[in-house]
Amino acid sequence: MTSQTISNGADHDDNGVNDSPAEAQVDLSHVDVNQFAITDIAEHARAIAHGKRVVVFDTTLRDGEQSPGATLNTQEKLDIAHQLARLGVDIMEAGFPAASPGDLDAVRQIANTVGRQPRIGPNGEVMAPPSIAGLARANKNDIDRAWEAVQGAVRPRIHTFLATSDIHMEHKLRMSRNDVLETVGDMVQYARSFCQDVEFSPEDAGRSDPEFLVQVVGVAIQAGATTINIPDTVGFTTPEEFGGLINYLREHVPGAKDVIFSVHCHNDLGLATANTLSGLRNGARQMEVTLNGIGERAGNTSLEEAVMAIYVRQQQFGLDTSVVTQEIHRASDMVSRYTGMVIQPNKAIVGANAFAHEAGIHQDGMLKNKRTYEIMDASTIGLNQSNLVLGKHSGRHALRRKLEEMGYHLDREELNDIFQRFKDLADKKKTVTDADLEALVGDEIYQPEERWELLNVQVQCGTTTIPTAVVTLRNTETGEEIIDAGFGTGPVDAIYKGINRIVGVNNTLVEFLVQAITEGMDANGDVTIRIEVPAESTGYKETAQGRQRRRLFSGRGVDTDIVVASAKAYMQALNKALASKDEAQSSAMNIAEGATKAAV
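Here is a short report on the structure shown in this document. (Residues numbered from 1 in each chain as written. Predicted model: local features only at pLDDT ≥ 70, side-chain atom pairs only at ≥ 80, totals over all residues. Heavy atoms only, no water.)

As for the overall build of the chain
Logical step 1: Each helix and strand counted, the chain has 18 helices and 20 strands in total.
Logical step 2: Expressed as a percentage of the 600 residues in the chain, the buried residues total 54%.
Logical step 3: Long-range contacts, defined here as pairs at least 24 residues apart, represent 67% of the contacts in the chain between residues at least 6 apart.
Logical step 4: Only carbon and sulfur atoms are counted for the fraction: they give 48% of the accessible area of the chain, which is about 25500 Å². (Helix = DSSP H or I, 4+ residues; strand = E, 2+ residues; numbered from the N terminus. Buried < 20%, exposed > 50% of the residue type's maximum accessible area, 1.4 Å probe, protein only. Contact = heavy atoms within 4.5 Å. Areas by Shrake-Rupley, 256 points an atom, 1.4 Å probe, with all protein chains shown as cover.)

A closer look at the pattern of salt bridges
Close approach of charged atoms allows side chains with opposite charge to pair.
Logical step 1: Counted by the stated rule, this structure contains 30 salt bridges.
Logical step 2: For K77, the salt bridge goes to D103, with nearest N and O atoms at 3.1 Å. Within this pair, whereas K77 is found in helix 2 (residues 74–87), its partner D103 is found in helix 3 (residues 101–112), the two being separated by 26 residues in sequence. (Salt bridge = Lys/Arg side-chain N within 4 Å of Asp/Glu carboxyl O.)

Here we look at the packing of helix 3 against helix 4 (residues 140–150)
Logical step 1: Contact geometry of helix 3 with helix 4 gives a least axis separation of 7 Å together with a crossing angle of 40°. Residues L104, V107, R108 and A111 of helix 3 form the contact with helix 4, whose participating residues are R145, E148, A149 and V150.
Logical step 2: When grouped by side-chain class, the residues that make up the contact of helix 3 with helix 4 number five nonpolar, no polar and three charged. (Axes fitted to C-alpha atoms, helices over the stretch in contact; angles between N-to-C directions. Nonpolar A, V, L, I, M, F, W, Y, C, P; charged D, E, K, R; others polar.)

Re a nonpolar patch on the surface
Logical step 1: Side chains of L509, F512, V514 and I562 sit close together on the surface and give an oily, nonpolar patch of about 320 Å² of accessible area.
Logical step 2: At three residues, strand 18 (residues 508–516) tops the list of elements feeding residues into the nonpolar patch.
Logical step 3: Structurally, F512 is set in strand 18. (Patch = residues over 30% accessible without salt bridge, like charges linked within 9 Å, V, L, I, M, F, W, Y side chains within 5 Å.)

What to know about the packing of aromatic side chains
How two aromatic rings sit relative to each other is given by the distance of their centres and the angle of their planes.
Logical step 1: Following the criterion strictly, the structure yields four aromatic pairs and no others.
Logical step 2: With 5.1 Å between their ring centres and 90° between their planes, Y190 and F194 make a pair best called edge-to-face. Of the two residues, Y190 and F194 are both situated in helix 6 (residues 177–194); the distance of four residues between them amounts to about one turn of the helix.
Logical step 3: Consider the rings of F419 and F422, whose centres lie 6.2 Å apart with planes at 35°: the pair is tilted. Within this pair, F419 and its partner F422 are both found in helix 15 (residues 412–428), separated by three residues, close to a single helical turn. Each member of the pair, F419 as well as F422, is classed as buried. (Phe/Tyr/Trp six-rings, centres within 6.5 Å; stacked < 30°, edge-to-face > 60°.)

Quick word on the pairing of strand 16 (residues 465–475)
Along any regular strand, the residues point their side chains to alternate faces of the sheet.
Logical step 1: By the bridge criterion, nine bridges tie strand 15 (residues 452–462) to strand 16 in an arrangement that is antiparallel. By the bridge assignment, V459 is partnered in strand 16 with A469.
Logical step 2: Here strand 16 runs beside strand 17 (residues 481–487); their pairing, made up of seven bridges, is antiparallel. In the sheet register, T472 faces strand 17, and the bridge partner there is I483. (Pairing = 2+ DSSP bridges.)

Side note on the side chain of D63
Logical step 1: Within the secondary structure, D63 is located in the loop between strand 5 (55–58) and helix 2.
Logical step 2: Those residues in contact with D63 that lie beyond four places of it in its chain are H264, H266, G295, E296 and N300.

Some points on unusual backbone geometry
Logical step 1: Positive phi is not limited to glycine here, since R174 has a value of about 55°.
Logical step 2: In this structure, R174 sits in the loop between helix 5 (166–173) and helix 6.
Logical step 3: Owing to a relative accessible area of 68%, R174 belongs among the exposed residues under this scheme.
Logical step 4: The backbone phi angle of D204 is positive, close to 60°, even though this residue is not glycine.
Logical step 5: With respect to the element layout, D204 can be found in the loop between strand 11 (198–203) and helix 7 (210–223).

With respect to the sheet that holds strand 18
Logical step 1: Reading across the sheet, the three strands line up as 18-19-20 and stay open at both edges, with antiparallel pairing between neighbours. Strands with a single pairing partner mark the edges of an open sheet, and in this sheet they are strand 18 and strand 20 (552–559). Taken over all neighbouring pairs, the strand axes of this sheet differ in orientation by 15° on average, direction set aside.
Logical step 2: When strand 19 (residues 525–532) meets strand 20, the two strands line up antiparallel, connected through eight bridges. Bridge pairing in strand 20 places T528 opposite R556.

Focus: the nonpolar core
Logical step 1: Ranked by internal contacts, the top residues of the largest apolar core, which has 107 residues, are I228, I230, M287 and L403.
Logical step 2: A per-element tally of this core places helix 7 first, with eight residues.
Logical step 3: Contacts of I230, omitting those with residues within four sequence positions, involve P202, A205, V217, F242, L245, I246, L249, F261, S262, V263 and H264.
Logical step 4: Grouped together as the second largest cluster of nonpolar side chains are 26 residues, A469, V527, I529 and Y570 included. (Core = buried A, V, L, I, M, F, W, Y, C linked by side-chain atoms within 4.5 Å.)

Brief notes about helix 8 (residues 239–252)
Logical step 1: For helix 8, with 14 residues, the first-to-last C-alpha span of 20 Å sits near the 20 Å given by 1.5 Å per residue.
Logical step 2: Taken as a whole, helix 8 has its buried residues at F242, G243, L245, I246, L249 and R250. The buried residues of helix 8 occupy one face: seen down the axis, they fall within an arc of 150°.
Logical step 3: In this structure, the buried side of helix 8 is in contact with helix 1 (41–49), helix 7, strand 12 (227–232), strand 13 (260–265) and helix 9 (272–281). (Expected span 1.5 Å × (residues − 1). Arc of directions from axis to C-beta.)

As for the packing of helix 8 against helix 9
Logical step 1: Where helix 8 meets helix 9, the axes come as close as 8 Å, and the angle between the chain directions of the two elements is 35°. Helix-helix and strand crossings are classified by hand; for helix 8 and helix 9 the assignment is right-handed. Across the interface between the two elements, P239, F242, G243 and I246 from helix 8 touch A274, N275, S278 and G279 from helix 9.
Logical step 2: Taken together, the residues that form the contact of helix 8 with helix 9 break down as four nonpolar, four polar and no charged. (Left-handed = near helix turned anticlockwise from the far one by under 90°.)

A word on the environment of S278
Logical step 1: Along the chain, S278 falls in helix 9.
Logical step 2: It is 4.9 Å that separates the C-alpha atoms of S278 and G243, two residues lying 35 residues apart in sequence.
Logical step 3: Those residues within four positions of S278 in sequence are excluded, and the remaining contacts are P239 and G243.
Logical step 4: There is a polar contact of 2.7 Å between the side chain of S278 and the backbone oxygen of P239. (Polar contact = N/O pair within 3.5 Å; in protein donor to acceptor, adjacent residues only side chain to side chain.)

The structure is reproduced here in structure tokens:
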């Protein structure tokens, strides 16, 4: 294993020179990662099933990525996976390997890197790497692809599923109950022949006949599944119903008390978190969640909501997790910026207003005792509320310290890039806020690989002038700089048409959102867009449910000039689309070469 060191950053002087460590470093190079392999899966599952610790199964990279417009490339998935590991999740479902060559390759890379790196826990202890799971439909091809992708991890898992509700069996599967029972037994057993850690999900369990579920779950356990996930696939149930279903299955399925019951809830009626907590109350010991609650339709159970409910109401639930809560804010912000899915201000835990107080009576109470209106500290989720104010006279050292307080530990090159942009912003604003810094960091480091770089944009517009834009782009592969112009109905439309003339990516703009990051006339503008490109141009891809994915790509740009921010956002989305096309072609070629070598 390659040498790995975890630290909380290092001091730099104002010239960017590395001085001495700010805090002690933890060297993990001597740790034998193979010691964390699970040798007896049955005993492992039994211990969890009878314990008080909740296993956090994060599916941001699989179910979360199925959100329209949340397309991630391999590098973005790796970045999020590393952050999920720092967050302390126990299992990450890294993708659906059978969906496309790109998905398989991304899951494999995560398994071979994040799935083999020990971690430092909240109390300084050395922890096992997260388990890496791949989703598979109940057929041999999907299971083969899942095992191919996850087998490099120290703790690999195959997660297979088959629908069990009457409406799904009749209209989607066209299978009888006996067919389903036979398939579940055969495919769980087939998955177990590769991997001892097998999870089975009866899809649409929330609308399935409980007595039939007893039979299905019993067959899965008999075939070797040690985690049984009960999904409320369409967000149909209420907390009383869902908790009752978990209790019913644990009481009536032979052997159910010695396997891990998991809950996977969708938010169609706004009940996902409530249903998840009800399932935990009734004996489930694994919860399947996503950061910011992203996912199909109305989304999944929100990781931050479920984890903080258990944390804040510990006496009520009597449960705990291994999540390092101070990493929640950074993880949430990373996912939001990479997916382009903006978090609504009133979102629980991570929304901009979650710790804001405007009403006079609330402010008065907060000044006297913050517990009057806050049930948790912002610092608990890693949200910095420091009084350190930065301005145009602040140096690199002060900026680095401020960013570390906010949870961003940047290398020298990243710090230098951020410092230059900070100085430019500080010349335009009297005070640079935490929100401004977060936006700068996100705009600088959460960027796709650039095929085309925006060098300059000039716009002419007005009440009697046809909006005209002149744009200058640089091809990063050839170094060629190209200037072109565009005319439109407004300045942004003109810029986008000028860029299109150079880049030549066929797309449709489907969403355009402008927000002010802070108050005031000098506020940074934050622009988020989504574009849709033809699916055939970026490689075949489908969801686990067999639905063809819309190929939407998001872009986000930050600048005090919203026209410039709009151009930056558009360039980011176009670069993502180009990278996705190249990645799909490269993955397909790699798999084809592998198949040729295997045949020889």
